[in-house]
Every structure is written in structure tokens, then in C-alpha cells.
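What follows is each chain in one-letter form.
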Amino acid sequence: MRSEHITDAFGAHVAGILKEERKKRDLSLQRLAKQCGIARQTLSYIEQTAESPKLSTLRLIAVAMEMSLGDVIKRAESLAPIPISQANIGKSHGTD
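Now for a look at the structure at hand. (Residues numbered from 1 in each chain as written. Predicted model: local features only at pLDDT ≥ 70, side-chain atom pairs only at ≥ 80, totals over all residues. Heavy atoms only, no water.)

Assignment of secondary structure puts Leu27 in the loop between helix H1 (9-24) and helix H2 (29-36). By relative accessible area, which is 9% here, Leu27 ends up buried. On a C-alpha basis, the gap between Leu27 and Met65 in space is 9.1 Å, while along the polypeptide they are 38 residues apart. The contacts of Leu27, once residues within four sequence positions are left out, are Arg22, Leu32, Gln35 and Met65. (Helix = DSSP H or I, 4+ residues; strand = E, 2+ residues; numbered from the N terminus. Buried < 20%, exposed > 50% of the residue type's maximum accessible area, 1.4 Å probe, protein only. Contact = heavy atoms within 4.5 Å.)

Structure representation (C-alpha cells):
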């Protein structure tokens, strides 16, 4: 099932990192998909930012490439930090 197209910078960076790492390891979409146990088309959609995968799917992909999902997320965050004004950190929503 395809999800909403990834439009945020963070999601696009995660997709780009996974694609970059797959290519560094000289893995085809088919081979990596088989290692992950997911459909090749799903992996392709993720890399093309046409699908927003579940965290469990991202973890499967990262582990198959001998990476931690945490490292992928940290890299993506460094490329697309969330401005504090958008993070809703410490904001009251009228429930005081």
C-alpha cells in the first residue's frame, strides 16, 4: 500500500541517505529488497520519496545494510534540522 508522498526535507534526506548507502554497497534494489523481506517496488518508492514508510520498514532497510536506524536519522537531522519555532517545544496549548 502506497502512502502519502514525502514532501518534508527530513523524509527526503532519509530516503536519499538510504539510496546513497545502497549504492555505496553496490546493492541492487532487488537484492536489498530480498535481504529486507520487502517488495522491490516498495523500496523504489521509498528511495523516490513517493512513499512514507513505517519506522519498522526503515529499520529493516538499515539493518540489511548493517547500519543503525539511529545513525540514518541523525544524518538526516543534520541535513534538515527542525527550527524550534516549528517543533512546538515548550508551547502551551491552553491547557494550563
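Read on for the rest.
Now for the pattern of salt bridges. Any two side chains of opposite charge can pair, given that their charged atoms come close. One pass over the full model with this rule turns up six salt bridges. For Glu21, the salt bridge is made with Lys24, and the minimal N-O distance between the two is 3.4 Å. Here Lys24 and Glu21 lie together in helix H1, a separation of three residues that amounts to about one turn. Across the salt bridge formed by Glu21 and Arg75, the nearest N and O atoms sit 2.6 Å from each other. Of this pair, Glu21 sits in helix H1 while Arg75 sits in helix H5 (residues 69-79), and the two are 54 residues apart along the sequence. Each of Glu20, Glu21, Lys24, Arg25 and Arg75 takes part in a single network of salt bridges with overlapping partners. (Salt bridge = Lys/Arg side-chain N within 4 Å of Asp/Glu carboxyl O.)

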